Amino acid sequence: MTNVWRCVNLVNLQVQPTSSEGEGAKDMRSLSGGERSFSTVCFILALWDAMESPFRCLDEFDVFMDMVNRRISMDMMMVVARNQKHKQFIFLTPQNMSKLGIEIKSSKIFWMPDPDRGQGVLPFEPIHNEDEETQE
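Residues numbered from 1 in each chain as written. Predicted model: local features only at pLDDT ≥ 70, side-chain atom pairs only at ≥ 80, totals over all residues. Heavy atoms only, no water.

Caption draft 1: Fine view of the nonpolar core. Grouped together as the largest cluster of nonpolar side chains are 15 residues, with contacts concentrated most on Val 41, Leu 45, Phe 61, Met 74 and Met 77. When residues of this core are traced back to their parent elements, those giving at least two are helix H1 (33-50) and helix H2 (67-83). Here the element with the most residues in this core is H2; it accounts for five residues. If sequence neighbours within four positions are ignored, Met 77 has contacts with Val 41, Leu 45, Leu 58, Phe 61 and Phe 91. (Core = buried A, V, L, I, M, F, W, Y, C linked by side-chain atoms within 4.5 Å. Buried < 20%, exposed > 50% of the residue type's maximum accessible area, 1.4 Å probe, protein only. Helix = DSSP H or I, 4+ residues; strand = E, 2+ residues; numbered from the N terminus. Contact = heavy atoms within 4.5 Å.)

Caption draft 2: The arrangement of the environment of Gln 84 in detail. By the element assignment, Gln 84 lies in the loop between H2 and strand E5 (88-92). Measuring from C-alpha to C-alpha, the distance between Gln 84 and Asp 49 comes to 9.7 Å, with 35 residues separating the pair along the chain. Discounting residues that sit within four places of it in the chain, Gln 84 has contacts with Asp 49, Arg 56 and Phe 89.

Caption draft 3: Quick peek at H2. In this model, H2 (17 residues) spans 24 Å end to end at C-alpha, consistent with the 24 Å of a helix rising 1.5 Å per residue. Buried within H2 we find Arg 70, Ser 73, Met 74, Met 77, Met 78, Val 80 and Ala 81. On an axial view of H2, the arc spanned by its buried residues comes to 160 degrees, and they lie on one face. Across H2 from its buried face, at more than 90 degrees, point the exposed residues Val 68 and Asn 83. Each element contacted by the buried residues of H2 is listed here: H1, strand E4 (55-59) and E5. (Expected span 1.5 Å × (residues − 1). Arc of directions from axis to C-beta.)

Next up, the structure:
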């Protein structure tokens, strides 16, 4: 559950990550990284409902989420994408999405290969300035 109040150019966002009665709403600063990411996705989806733009983009929105919250977030975003067919959605994530089983007609999922991390030092050649060599 997310509540947003707007007053005098200030947005106060309080989040209740569990449905239990004993635990009250939390300030965003007290949330874990995954709870904060999930709350941010919910907030952005609400903002998208109120603004007009032909593109909807999110980058690395799920980096701190566990698999359960990632699945719920993607399901919510796919519902919005299905309902807003006149807009283009772009979701970038370094996470593996193959286990989520996302299948939507008229959508394309592009997977990029992992970067080569074993390269060590980049193979740059030193640049020698001819003027410096002649002055020495």
